[in-house]
Protein chains: 2
Amino acid sequence: MSQSEFAIIERYFSQAGLAFSKPGIDLGIGDDCALLSVPSGQQLALSMDILHQDVHFPANAEPNDIARRALAVNLSDLAAMGAEPLGFTLGLSLPAVDEHWLDKFSQGLLSSAQDYSCPLIGGDLSQGPLSIVIQVHGLVAQDQAIRRSGAVPGDLIFVTGNLGDAAIALLLMQLDSHISQSVQLNTNQLTAAHRNHFLDAYFDPVPKLEFARSVCRLINSGIDISDGLVGDIGHILKASGVNGRINTASLPLSSAMKQCVNADGQIAAALTGGDDYQLCVTLAADNSEEFRRIANELKVRVNCIGEITALSQSLNDQDSENQGQDSEVSEQLKIFDAAGRQLQNITRPYTHFIKESS
Amino acid sequence: MSQSEFAIIERYFSQAGLAFSKPGIDLGIGDDCALLSVPSGQQLALSMDILHQDVHFPANAEPNDIARRALAVNLSDLAAMGAEPLGFTLGLSLPAVDEHWLDKFSQGLLSSAQDYSCPLIGGDLSQGPLSIVIQVHGLVAQDQAIRRSGAVPGDLIFVTGNLGDAAIALLLMQLDSHISQSVQLNTNQLTAAHRNHFLDAYFDPVPKLEFARSVCRLINSGIDISDGLVGDIGHILKASGVNGRINTASLPLSSAMKQCVNADGQIAAALTGGDDYQLCVTLAADNSEEFRRIANELKVRVNCIGEITALSQSLNDQDSENQGQDSEVSEQLKIFDAAGRQLQNITRPYTHFIKESS
């Protein structure tokens with residue numbers, strides 16, 4: 001049966017488990033606008049992400065997985081600011097009505113919306129090439145949001161969880177990846193459990209919402225790792241006007257990664273793979289004990305991978321000259337290996353519109 | 001020169017004229033989230049619209065026009081709630097980097113952002129089929145927002161401006177239109193000025209922001225006309241639990257429409273053409289004099305096209321039975337012509353996923 005967008009919205013997206021009410025959401029789906037209330041002393045944090053078929057997920061991915069991932073990667077941006085989820089909007093484009101797909105997709109959204117107390121509050125539905133645009137909205141105490149710009153020399157650089165696993169999933173799904181040249185998979189070692197581990201890292205990243213809110217006061221700067229560690233630390237360094245150094249020996253790698261991927265590939269995936277949706281934060285060394293204690297309490301694994309250093313004058317000049325140029329591999333970040341040698345040729349982090357061959 | 005999305009955002013979308021600061025926007029482009037403050041006693045209104053090439057605008061449309069239209073149709077949703085623009089987010093998908101296109105597109109956005117004091121505060125940029133997703137954010141005094149659900153029997157139904165012109169533009173641009181069967185263009189009469197009039201109605205709709213805020217207190221319900229008058233009044237009737245009647249003799253039509261389009265085509269375009277982005281509101285007859293006075297003062301033309309009536313019990317029952325069915329041509333709306341005859345076969349309003357032939 002062919003259905004209009006209004007019937008689809010009513011059937012799949014207005015259901016009580018997905019578009020549930022909570023304090024702060026005064027009006028949800030069904031009018032020209034949704035209406036939110038923001039309590040006095042709080043700010044509204046908002047972030048939007050686009051996901052396209054064949055760019056951000058394979059065409060044959062389970063709709064339930066696509067939905068969960070779409071909401072999680074957005075919630076990860078709220079986590080990076082230390083904000084608490086309030087609700088999300090969805091811009092969904094579909095080539096045609098596929099009831100099975102819509103049913104599974106909306107069930108996936110519903111389960112994540114419940115998990116993170118973040119209901120659907122509005123959006124748009126259109127005919128078009130399959131894509132998902134989500135905007136999340138969250139609350140954070142006035143002037144308490146974690147920003148990229150607060151890193152200071154002497155800060156330690158921490159990351160949560162493991163890095164690089166989602167990038168290996170991309171290769172397993174044969175999606176376009178900028179690290180495919182560096183990675184060799186040891187297919188003899190690759191069990192079904194390994195495969196599931198990598199795919200879970202890609203499709204079901206866990207936004208570190210509670211953790212971020214709990215350690216917010218201890219942190220000077222933070223970002224979520226979406227484009228790859230090197231590129232994302234680069235954003236912190238640029239916004240804060242500092243340098244940084246990290247050591248590849250400290251990069252947190254899963255046992256699946258260690259067993260199934262060649263050594264260079266492990267480093268490439270962890271440094272520039274992207275899609276990790278782990279947090280990268282910087283904090284004063286004095287706060288690190290308390291930081292580790294809270295992480296331990298919340299069962300979030302954290303690893304110190306480096307430190308923030310002062311910006312050298314020469315780099316400062318050089319940086320000004322490079323403005324507007326394609327300088328995603330920041331000169332401000334130095335990367336050392338276990339033997340203390342500085343790595344020179346880091347794979348470019350993932351960027352749209354630039355291919356390795358160009 | 002190939003550029004990463006970060007360089008594109010910096011060059012085209014972070015420019016001061018587009019991403020300007022204003023009170024309430026505490027943090028704009030450049031971090032994991034934007035941060036907004038909502039003053040005490042106000043609510044945040046938000047609305048998202050998707051625009052796809054070949055569905056919502058022709059591939060060869062001027063990027064400046066695409067941008068202005070994209071922001072205007074979103075701002076029209078804020079107008080429909082009586083909200084004042086605060087800022088907008090942009091999810092832009094591009095197949096490739098086209099500097100000329102980006103320059104013109106960002107200039108179009110900038111001019112509209114300035115016109116309506118609505119800066120760009122964040123979003124996402126991705127490689128993908130050309131599409132534009134905009135979410136607007138506005139402020140409205142607590143519990144003062146115009147809703148679809150407030151219409152009561154006895155209310156007069158008013159619309160602003162002219163109806164149907166944008167639908168004629170779609171035909172001129174040879175985009176898919178559900179009214180193409182009803183409309184015959186009198187090409188002998190169609191001057192360049194007429195053509196421009198229709199195209200302007202499509203590409204440069206003027207959101208009735210100030211007007212809506214000024215008449216907000218006089219109005220019981222409202223909606224902006226995006227899918228076509230019949231469908232959009234239908235949303236008011238459904239949300240309010242009332243019936244309505246309109247008279248085609250009262251539909252406001254431009255002189256270009258009267259000169260260039262056959263009589264049946266005029267009615268079809270005005271009733272179901274869509275893309276008008278005029279406001280349709282209902283108000284008590286006692287308020288109509290004051291309403292007309294304010295409209296006159298703000299140079300917004302308004303026309304009374306009908307009235308709200310009580311919901312009959314039988315229709316109420318019938319409606320429950322039809323739930324989930326495709327009932328966009330609402331049984332709750334009766335349409336009469338100048339001679340007082342009720343129209344029976346109204347063209348279906350525009351809906352995604354349903355074609356006339358199905």
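Because the structure is predicted, anything quoted here is derived from the model rather than measured.

Trainee: With reference to specific residues and values, describe the environment of Ser106(B).
Mentor: All names here are of chain B. Of note, Ser 106 is situated in helix H3 (residues 99-115). Each C-alpha atom, one on Ser 106 and one on Arg 68, is 9.5 Å from the other, the two residues being 38 residues apart in sequence. Sequence-distant contacts of Ser 106, defined by excluding residues within four places in its chain, comprise Tyr 12, Phe 13, Gln 15 and Leu 18. There is a polar contact of 3.1 Å between the side chain of Ser 106 and the backbone oxygen of Asp 103.

Trainee: Please provide a residue-by-residue account of the confidence of the model for chain A, values included.
Mentor: For chain A, the average pLDDT comes to 90, and 91% of its residues sit at 70 or higher. Note that residues 317-328 of chain A has pLDDT below 50 and, in this model, eleven contacts with residues that lie over four places away or in other chains.

Trainee: I'd like a rundown of the relation of the copies chain B and chain A, residues and numbers included.
Mentor: Superposing chain B onto chain A takes a rotation of 180° combined with a translation of 0.0 Å along the rotation axis, leaving an RMSD of 0.0 Å. When the rotation and shift are considered jointly, the pair of chain copies conforms to a two-fold rotation axis. Both copies contact each other with a shared surface, as 100% of the interface residues of chain B are interface residues in chain A too.

Trainee: Please provide a residue-by-residue account of the sheet that holds strand E8 (residues 221-224) of chain B, values included.
Mentor: Residues and elements named next belong to chain B. With mixed pairing, the six strands of this open sheet are ordered in space as E8-E10-E7-E11-E9-E12. At either margin of the open sheet sits one strand with a lone partner, and together these are E8 and strand E12 (333-336). Within the sheet, the average angular offset between the axes of one strand and its neighbour, ignoring direction, is 25°.

Trainee: Account for the interface of chain B and chain A, with residues named and values stated.
Mentor: With 73 residues of chain B at the contact, the number on the chain A side is 73 residues. On the surface where chain B and chain A come into contact, there are six salt bridges. Taking the shortest distance from any N to any O, the salt bridge between Arg148(B) and Asp32(A) comes out at 3.4 Å. Summed over the shared surface of chain B and chain A, the number is 26 residue pairs in polar contact (both at pLDDT 80 or more). Bridge count for strand E2 (residues 34-36) of chain A against strand E3 (residues 42-52) of chain B is three bridges, and the pairing is antiparallel. Each bridged residue has a counterpart across the sheet, and for Leu36(A) the counterpart in E3(B) is Leu44(B).

Definitions and limits used
Along each chain, numbering runs from 1 in the same order as the chain's sequence is written. Whichever chain is written first is A, and whichever ligand is written first is 1; the rest continue in order. This being a predicted model, a pLDDT of at least 70 is required before a residue's local features are given, and a value of 80 or more before pairs of side-chain atoms are given or counted; all residues contribute to the totals for chains, interfaces and linings. By convention in this description, side-chain values take in all heavy atoms of the structure and omit both hydrogens and water. Secondary structure follows DSSP: runs of H or I at least 4 residues long count as helices, runs of E at least 2 residues long count as strands, and numbering of each begins at the N terminus. Should any heavy atoms of two residues lie within 4.5 Å, those residues are counted as being in contact. In protein, a polar contact means a hydrogen-donor-capable atom and an acceptor-capable atom, both N or O and within 3.5 Å, with residues adjacent in sequence counting only if both atoms are side-chain atoms; elsewhere, any N or O pair within 3.5 Å suffices. The pLDDT value expresses, per residue, how confident the predictor is, ranging between 0 and 100. Residues below a pLDDT of 70 in either copy are left out; the C-alpha atoms of the rest, at least 70 in both, set the least-squares superposition of the copies. Here, strands pair whenever DSSP counts at least two bridges between them. Only the contacting stretch of a helix is used when fitting its axis, a line to C-alpha atoms as for every element, and angles between N-to-C directions run 0 to 180 degrees. Salt bridges are identified by distance alone: a Lys or Arg side-chain nitrogen within 4 Å of an Asp or Glu carboxyl oxygen.

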